Amino acid sequence: MSTLSVEEIKIRSDRYPKPSDIKFQYGTAGFRTLGSTLSSVLFRVGVLAALRSKKLDGKTIGVMVTASHNPEPDNGVKLVDPRGEMLESSWEVHATVLANAPNSGAFVAAVDELVKTAKIDLSKPARVVYARDTRPTGPELVAALKNGLEAMKAEYRDAGVTATPVLHYLVRTINTKGTKDSYGDDTEEGYLRKLSDAFKKLLAGKPPPPPLLIDCANGVGAVMAEKFKACLGDTFTINLANGAIHTPGALNNACGADFVKVNQKLPPSITLQPGQRACSVDGDADRLIYYYADERGQFHMLDGDKITALVASFIVELVKAAALDEHIKVGVIQTAYANGSSTKYLSARLPVRCVPTGVKHLHHAAEQYDVGVYFEANGHGTVLFSPAAQELVSGHNPSTPTQATALTNLKNVIDVINQTVGDALSDAFLVEVVLAHKSYSGVEWDSLYSDLPNRLVKVVVGDRNAFETEDAERRLVNPPGLQAKINELVGKYEGGRSFVRPSGTEDVVRVYAEAASRPQADDLAFRVAGLVYDEAGGDPLQRPREFL
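Residue indices begin from 1 for each chain and proceed along its sequence in written order. Note on the predicted model: pLDDT of at least 70 is required for a residue's local features to be given, and 80 or more for side-chain atom pairs to be given and counted; whole-chain, interface and lining totals, by contrast, use all residues. Excluded from the side-chain calculation are hydrogens and water; included are all heavy atoms of the structure.

Student: Looking at this structure, I do not really get the environment of Pro544. What am I missing?
Tutor: Among the structural elements, Pro544 can be located in the segment after helix H18 (518-535). Sequence separation between Pro544 and Tyr533 is eleven residues, and the spatial gap between their C-alpha atoms is 9.2 Å. Where helices and strands are cited, they refer to DSSP runs of H or I of at least four residues and of E of at least two residues respectively, numbered from the N terminus.

Encoded structure:
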C-alpha cells in the first residue's frame with residue numbers, strides 16, 4: 001500500500017489557509033457560502049475526491065463548483081458519487097472534518113486518520129471529473145481544487161463551464177462506459193444528443209408546440225439552452241430571456257426559478273401574452289418552474305408539485321397502454337413543502353411518500369419503486385426507472401399497435417429524462433412532451449387541481465442548528481415548546497398547515513404555511529415567522545416589519 005505525499009500536501013495546503021473565523025458544514029448541497037472564503041475548502045475537496053475515488057477502486061468521482069440559486073457572490077462545491085448520485089452521507093462528515101482542520105498539519109493528520117478508519121488503499125488510482133458554473137469566483141476555486149487533486153497525483157478531467165446536471169450525467173457515463181449499464185456517450189455532446197434525439201422522437205407526428213420562453217437566470221442554463229437550440233433545429237422553438245452570463249451581479253438577480261417560486265410572480269424582465277407559457281431555471285440549471293398567463297393576462301405558477309402531477313399521470317397512462325401495469329408500479333415522493341392539494345390529488349391515484357427535504361432523501365426513496373417520480377415544490381426533481389423496469393420496457397413484446405406505440409414512447413421518455421439528478425432543461429422537455437401528447441395548454445394543466453394558497457418566509461437566525469425536526473421535517477423538536485405554539489396558531493386558520501425547518505444551505509430558518517385563502521396563508525406564515533424570530537433571540541429593533 002503506497003503512502004501519502006505528506007510534504008507535497010502540506011506545501012500545497014499552505015497556499016490555501018483556512019479562515020479562522022468560519023466553520024464550514026457539508027450540507028444537503030455540499031459546502032456553500034461566500035465564494036471569496038472557499039479556497040481552502042476547494043483544495044481539501046480535491047484531496048477528499050481523490051480519496052473517495054481510491055476507496056471505490058478508482059471509479060471516477062465528480063466535483064461541481066456552484067452555488068445554484070444563491071446570490072452571485074456565493075459559491076459552493078459538492079461531490080458526486082459514481083452513478084451520478086449525491087455523495088454517500090457518511091462521507092459528508094469526513095468532508096466537514098477535513099474542511100475545518102485549523103492548519104495544514106492538522107489537515108494532513110485528519111487525512112491520515114480518514115485513510116486508516118475508511119481502510120483506503122492508497123495504491124489504487126484516483127480519477128475525478130470537475131466542472132463549474134458561471135460565477136466570477138469559479139476560476140480561482142477550480143485552481144485550488146486542481147492543486148488538491150495534483151497533491152494526490154489524481155487523474156482529472158476538466159468539463160469546463162457547464163450545468164450541474166451535465167456533470168452528474170458525465171460521472172455516470174464515464175463509470176458505466178462499455179458495460180451493460182452504459183448510460184450514453186461521456187461528453188457534453190453525448191448528453192445534448194441523447195436528450196434532443198429522444199425529445200424529437202416523442203414530438204414526431206404531433207402538431208408543433210408553440211415556442212417556449214426560458215428564463216435562464218443569467219446563468220449557465222443559457223449556455224446549455226443555446227446548445228439545445230442548435231440540436232433541436234425546427235422541431236421545437238426555444239426563446240431565451242436573462243442570458244447575460246457576463247454581466248456582473250446579474251446571476252439569479254430578480255430572475256430564475258427561485259425568484260419566481262418565492263415571490264410567486266414573473267421576473268420583471270419578462271412579459272407574457274395572454275395564453276403564453278414560459279419557464280424559469282435556476283443558476284446551475286437543476287431547478288425548473290413553469291408559469292403561464294391566462295386570457296386576462298394574469299400570472300399562474302406551475303411549480304414542482306404541478307410537474308409531478310402532470311408527469312406521474314402521463315407515465316402511469318403509458319405503462320397501462322403498454323400492458324405493463326401489472327409489472328411496473330409508479331410511486332411519487334414528496335417533501336413537507338408539497339402543496340396539500342397536490343398530495344390529495346396524487347394520493348387518490350398512486351402511492352405517495354413524504355420524506356425530509358433534500359435531494360438525497362427523495363432520490364433514495366424513489367429508488368424503492370419500479371418508477372419513482374420526485375419533484376420538490378421548488379422545481380428540483382426527476383424520474384427514476386429501476387433496472388428491472390427498464391429491462392421490461394426494452395424486452396417486452398407488444399401484441400397490439402397501441403401497445404407498440406406506448407412502448408416506443410416509454411423508451412424515449414426514459415432517454416429524455418436525466419435520471420442522475422434534477423435537470424431543468426431535461427425536465428422542461430419532458431413537460432413539453434406531456435403537453436403535446438395531451439394537447440394541454442397551461443390552463444388545462446393547471447386545472448388538474450387547485451393549489452391551496454401558500455407562503456414561504458425566510459427568517460435569518462444566529463444558529464440554524466438550534467432548530468431540530470422529526471416526522472419528515474413536519475414537526476419541531478427543538479427549541480422546546482415552539483411546536484405547541486405553532487400548532488395553536490395553525491388551529492385558528494381554515495385548511496391551515498405550517499412547519500418550520502432549518503435551511504440545509506444557509507443560516508436561515510424556512511417557514512412554510514398554507515391556508516384556505518391567500519390573506520390567511522400570508523397571515524399564518526408571518527405570525528409563525530414572528531414566533532421563530534423571537535424564539536431565536538432576534539434583535540427587536542431589526543425585526544422585519546411584516547413579521548406579526
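Next comes the rest of the write-up.
Student: How should the packing of aromatic side chains be read in this particular structure?
Tutor: What describes a pair of aromatic rings is the distance from one ring centre to the other and the angle between the planes of the rings. Under the pairing criterion, centres of Phe, Tyr and Trp rings, with the six-membered ring standing for Trp, must be within 6.5 Å; the plane angle then separates stacked pairs below 30 degrees from edge-to-face pairs above 60, leaving the rest tilted. Per the stated rule, a full pass over the model turns up 17 aromatic pairs. The interplanar angle of 65 degrees and the centroid separation of 5.4 Å between the aromatic rings of Tyr290 and Trp445 together place this pair among those described as edge-to-face. With Tyr290 in strand E9 (residues 288-293) and Trp445 in helix H16 (residues 442-446), this pair connects stretches of sequence that are 155 residues apart. Classification of Tyr290 as buried rests on a relative accessible area of 0%. A simple rule labels every residue: compare its accessible area, found with a 1.4 Å probe on the protein chains alone, to the largest value its type can have, and call it buried under 20%, exposed over 50%, or partly exposed in between. The exposure class assigned to Trp445 is buried, which follows from its relative accessible area of 0%. Taken together through their ring pairs, the aromatic side chains of Tyr169, Tyr183, Tyr191, Phe199, Phe228, Phe236 and Phe429 make up a single cluster. Ring-over charges, as used throughout, are those where CZ of Arg or NZ of Lys falls within 6 Å of the ring centre and within 35 degrees of the ring normal. Directly above the aromatic system of Tyr183 lies the positively charged group of Arg172, at a separation of 4.8 Å from the ring centroid. Above the face of the Tyr183 ring, Lys194 is positioned so that its terminal group lies 3.4 Å from the ring centre.

Student: Could you clarify how one ought to interpret unusual backbone geometry in this entry?
Tutor: For the bond running from Asn478 to Pro479, omega is -5 degrees, close enough to zero to count as cis. In this fold, Pro479 is placed in the loop between strand E17 (475-478) and helix H17 (482-490). Residue Asn252 is not a glycine yet carries a positive backbone phi of 60 degrees. In this fold, Asn252 is placed in the loop between strand E7 (238-241) and helix H9 (256-263). Under the relative-accessibility criterion, Asn252 is labelled buried at 15%. In this structure, Ala285 takes a positive phi of about 65 degrees despite not being glycine. One can find Ala285 in the loop between strand E8 (277-281) and E9. In this structure Ala285 comes out as buried when scored by relative accessible area, which is 1%.

Student: Looking at this model, I keep getting lost on the side chain of Asp427. Mind explaining?
Tutor: Residue placement: Asp427 occurs in helix H15 (residues 424-438). Counted charges follow a simple rule, with Lys and Arg positive, Asp and Glu negative, and His plus the chain ends left uncounted. Each reported salt bridge corresponds to a side-chain nitrogen of Lys or Arg within 4 Å of a carboxyl oxygen of Asp or Glu. The side chain of Asp427 sits in the buried core without any salt bridge; Arg287 is the nearest counter-charge, 10 Å away. Beyond its immediate stretch of four places on either side in the chain, Asp427 contacts Leu288, Phe375, Gly381, Thr382 and Gly422. Contact definition: two residues touch when any of their heavy atoms are within 4.5 Å.

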